[in-house]
Amino acid sequence: MKITEHIKQAKGKTLFSFEILPPVKGESIDSIFAAIDPLMEFKPPFIDVTYHREEYMYKKRENGLLEKVTTRKRPGTVGICAAIMNKYHIDAVPHIICGGFNKEETENALIDLDFLGVDNILVLRGDAIKSEGRFIPDEGGHAYANELLGQVMELNQGKYIHEEVTRNPTSFCVGVAGYPEKHFEAPSLKSDLKYLKMKVDQGAEYVVTQMFFDNQKYFQFVDKCREEGIHVPIIPGLKPITTLNHMNILPSIFHVDLPDDLVEALEGCKNNEDVREVGIEWAIQQSKELMEKGAPVLHYYTMSKSKVITRIAEALF
Ligand code: FAD
């Protein structure tokens, strides 16, 4: 079922959902099931599965020279979605990115997803390969999420690449990313919202936000979106802090701020157990307020570790 239909059927009740990462190459899918199993009692109508593009690594050849090879550390997004749908009978939402794909490969991936009965996809640009510094599209690929979204919308009208007549139309419900604290490359929030609106005008039916730790940023973002004419559901993304490292890593990777109160509470912790408790309590308070103010879904970034999310969900759902 479409995410928008799940939201409609909930009639104002906040839903619970979460995002998982495919396991590292060579690990069993059982690690994914072990992460999902304890969360099923909170009745998530859908689970997102992230997509991870290739990375460069250097392998030493016999002659001692280094060879640059590409590898994907977390393959399996499509297979995991199929396995989730088969085992739990709920919707799985694969993330589809521009990076690493040309348009033909994207079309083939979308055809696979359509045949598997996947109804929803989250369309993203993807980040730059670590060693490249800025995002470079593949030859014949898309440079921005809105271009990839355009291809999905064409397919939803039965327009396949190189085909002169329209064929079986897909009917993907597409979500896109939004950034309450602005995407780090955007010169201003207004400019970022202009492109978000472009994606919604093209047919995106819902937005999932980057994590944030200050609810005011989400509420202001929603207000600004509405002012700009973006009227689709805006699903808040939440990440509980679980280690002291997060204090530095999250701002540098995800370009988000931590409120002073949270930083002070974390600085007062004696060990990682204390940090986890602070993180869980913060996420519960954030979630409660978001529910009170009518957030359609609370979407948790689990990093495939469910214990912490279980604690939070127990307090809320
Ligand atoms: P875009 O919408 O393309 O925007 C990128 C930047 O370009 C922004 O600054 C925007 O303002 C600007 N822009 C947009 N369109 C145009 C245009 N037409 N012309 C000029 N400028 C433009 N990454 C992964 O690799 N895998 C994942 O599974 C994944 N999941 C994510 C889930 C969520 C909920 C979020 C919030 C992010 C996720 N990401 C993932 C990270 C995401 O790929 C990065 O944040 C990426 O840098 C931007 O993606 P986007 O889809 O927002 O890009």
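Above this note sits the structure.
It should be emphasised that the depicted structure is a prediction, and the values quoted were computed from it without experimental measurement.

Participant: Looking at this structure, I do not really get the site of the ligand. What am I missing?
Facilitator: Close to the ligand lie 23 residues; Tyr 51, Asp 127, Tyr 179, Asp 192 and Lys 199 are nearest. Contacts to the ligand include His 95, whose side-chain N or O atom sits 2.8 Å from an oxygen atom. Protein chains shield 88% of the accessible area of the ligand, which is 980 Å² for the free molecule. Within the residue set of the shell around the ligand, elements represented by two or more residues are strand S5 (91-97), strand S6 (120-124), helix H5 (145-156), helix H6 (189-202) and strand S8 (206-211). Among the elements that line the shell around the ligand, the one with the most residues is H6, at three residues. Per-class residue counts for the shell around the ligand are 12 nonpolar, six polar and five charged.

Participant: Please explain the nonpolar core as it appears in this structure.
Facilitator: Judged by nonpolar contacts, the single largest core of 63 residues is most densely connected at Ile 20, Ile 84, Ile 121, Val 174 and Tyr 300. If we ignore the near neighbours within four places in the chain, the residues touching Tyr 300 are Phe 16, Ser 17, Phe 18, Glu 19, Leu 238, Ser 287, Ile 309, Ile 312, Leu 316 and Phe 317.

Participant: Whenever I open this one, the pairing of S8 confuses me. Can you help?
Facilitator: One face of the sheet, then the other: side chains in a regular strand alternate in exactly this way. Counting buried positions along S8 yields six of six residues, so the element is predominantly enclosed. Strand direction decides the pairing type here: strand S7 (residues 173-178) and S8, joined by four bridges, are parallel. Looking at the pairing, Ala 177 lines up with Val 208 of S8. Handedness of the crossover joining S7 and S8 through H6: right-handed. In this structure, S8 lies alongside strand S9 (residues 234-238), joined through three bridges in parallel fashion. The residue bridging Val 208 from the neighbouring strand is Ile 235, located in S9.

Participant: I keep staring at the packing of aromatic side chains and nothing clicks. Help me out?
Facilitator: Two aromatic rings are characterised by how far apart their centres lie and by the angle between their planes. If you walk through the whole model with that rule in mind, you get eight aromatic pairs. Between Tyr 218 and Phe 219, the ring centres sit 5.7 Å apart and the planes meet at 65°, which makes this aromatic pair edge-to-face. Assessed through its relative accessible area of 5%, Tyr 218 is described here as buried. Joined through ring pairs, the aromatic side chains of Phe 16, Phe 18, Phe 42, Tyr 300 and Phe 317 make up one cluster. When the ring centre of Tyr 56 is taken as origin, the NZ or CZ atom of Lys 68, which lies over that ring, is 4.1 Å away.

Participant: How should the packing of H5 against H6 be read in this particular structure?
Facilitator: The description of two helices packed together rests on the angle between their axes and the distance between the axes. In contact at an axis separation of 10 Å, H5 and H6 are set at 0° when each is read in the N-to-C sense. The orientation of H5 with respect to H6, classified from their angle, is roughly parallel. Between H5 and H6, the residues in contact are Ala 145, Asn 146, Leu 149, Gly 150 and Met 153 and Met 198, Lys 199 and Gln 202, respectively. Its residues placed into classes, the contact of H5 with H6 shows four nonpolar, three polar and one charged.

Participant: How should the environment of Glu 105 be read in this particular structure?
Facilitator: Among the secondary structure elements, Glu 105 is positioned in helix H4 (residues 103-116). Each C-alpha atom, one on Glu 105 and one on Met 57, is 23 Å from the other, the two residues being 48 residues apart in sequence.

Participant: Help me understand the sheet that holds S5, please; the structure alone is not making it clear to me.
Facilitator: Two strands in a sheet stick together by hydrogen bonds in their backbones, pointing the same way (parallel) or opposite ways (antiparallel). Strands sit in the order S1-S2-S5-S6-S7-S8-S9-S10 around a closed barrel of eight strands; the barrel is parallel. Adjacent strand axes in the sheet meet at a mean angle of 30°, parallel and antiparallel pairs treated alike. In this structure, S6 lies alongside S7, joined through four bridges in parallel fashion. Each bridged residue has a counterpart across the sheet, and for Leu 122 the counterpart in S7 is Gly 175. Sitting on the sheet, H5 is in contact with S5, S6 and S7, with an inclination near 145° to S6. In the packing of helix H7 (residues 215-227) onto the sheet, contacts are made with S7, S8 and S9, and the angle to S9 comes to roughly 155°.

Participant: So what exactly am I meant to see when it comes to the pairing of S6 here?
Facilitator: For S6, a buried count of five out of five residues is recorded, marking the element as mostly surrounded by other parts of the structure. Residues Asn 120, Leu 122 and Leu 124 line one face of S6 and the alternating positions Ile 121 and Val 123 line the opposite face, and both faces are buried. In this structure, S5 lies alongside S6, joined through three bridges in parallel fashion. Paired with Ile 97 across the strands is Leu 124, a residue of S6. Tracing the backbone out of S5, into H4 and back to the parallel element S6 gives a crossover that is right-handed.

Participant: Explanation requested: the pattern of salt bridges in the structure shown.
Facilitator: Oppositely charged side chains are able to pair whenever their charged atoms sit close together. For the coordinates displayed, the defined rule picks out 13 salt bridges. Note that Lys 293 is salt-bridged to Glu 289, the shortest N-O span being 3.5 Å. For Glu 289, a relative accessible area of 26% corresponds to the partly exposed category. Taken together, the shared-partner salt bridges in this structure form one network comprising Arg 53, Glu 54 and Asp 138.

Conventions used here
- Residues numbered from 1 in each chain as written.
- Predicted model: local features only at pLDDT ≥ 70, side-chain atom pairs only at ≥ 80, totals over all residues.
- Heavy atoms only, no water.
- Near = heavy atom within 4 Å.
- Polar contact = N/O pair within 3.5 Å; in protein donor to acceptor, adjacent residues only side chain to side chain.
- Areas by Shrake-Rupley, 256 points an atom, 1.4 Å probe, with all protein chains shown as cover.
- Helix = DSSP H or I, 4+ residues; strand = E, 2+ residues; numbered from the N terminus.
- Nonpolar A, V, L, I, M, F, W, Y, C, P; charged D, E, K, R; others polar.
- Core = buried A, V, L, I, M, F, W, Y, C linked by side-chain atoms within 4.5 Å.
- Buried < 20%, exposed > 50% of the residue type's maximum accessible area, 1.4 Å probe, protein only.
- Contact = heavy atoms within 4.5 Å.
- Pairing = 2+ DSSP bridges.
- Right-handed = clockwise from strand over helix to strand, strands pointing away.
- Phe/Tyr/Trp six-rings, centres within 6.5 Å; stacked < 30°, edge-to-face > 60°.
- Lys NZ or Arg CZ within 6 Å of the ring centre and 35° of its normal.
- Axes fitted to C-alpha atoms, helices over the stretch in contact; angles between N-to-C directions.
- Parallel < 35°, antiparallel > 145°, perpendicular 65-115°, else oblique.
- Salt bridge = Lys/Arg side-chain N within 4 Å of Asp/Glu carboxyl O.

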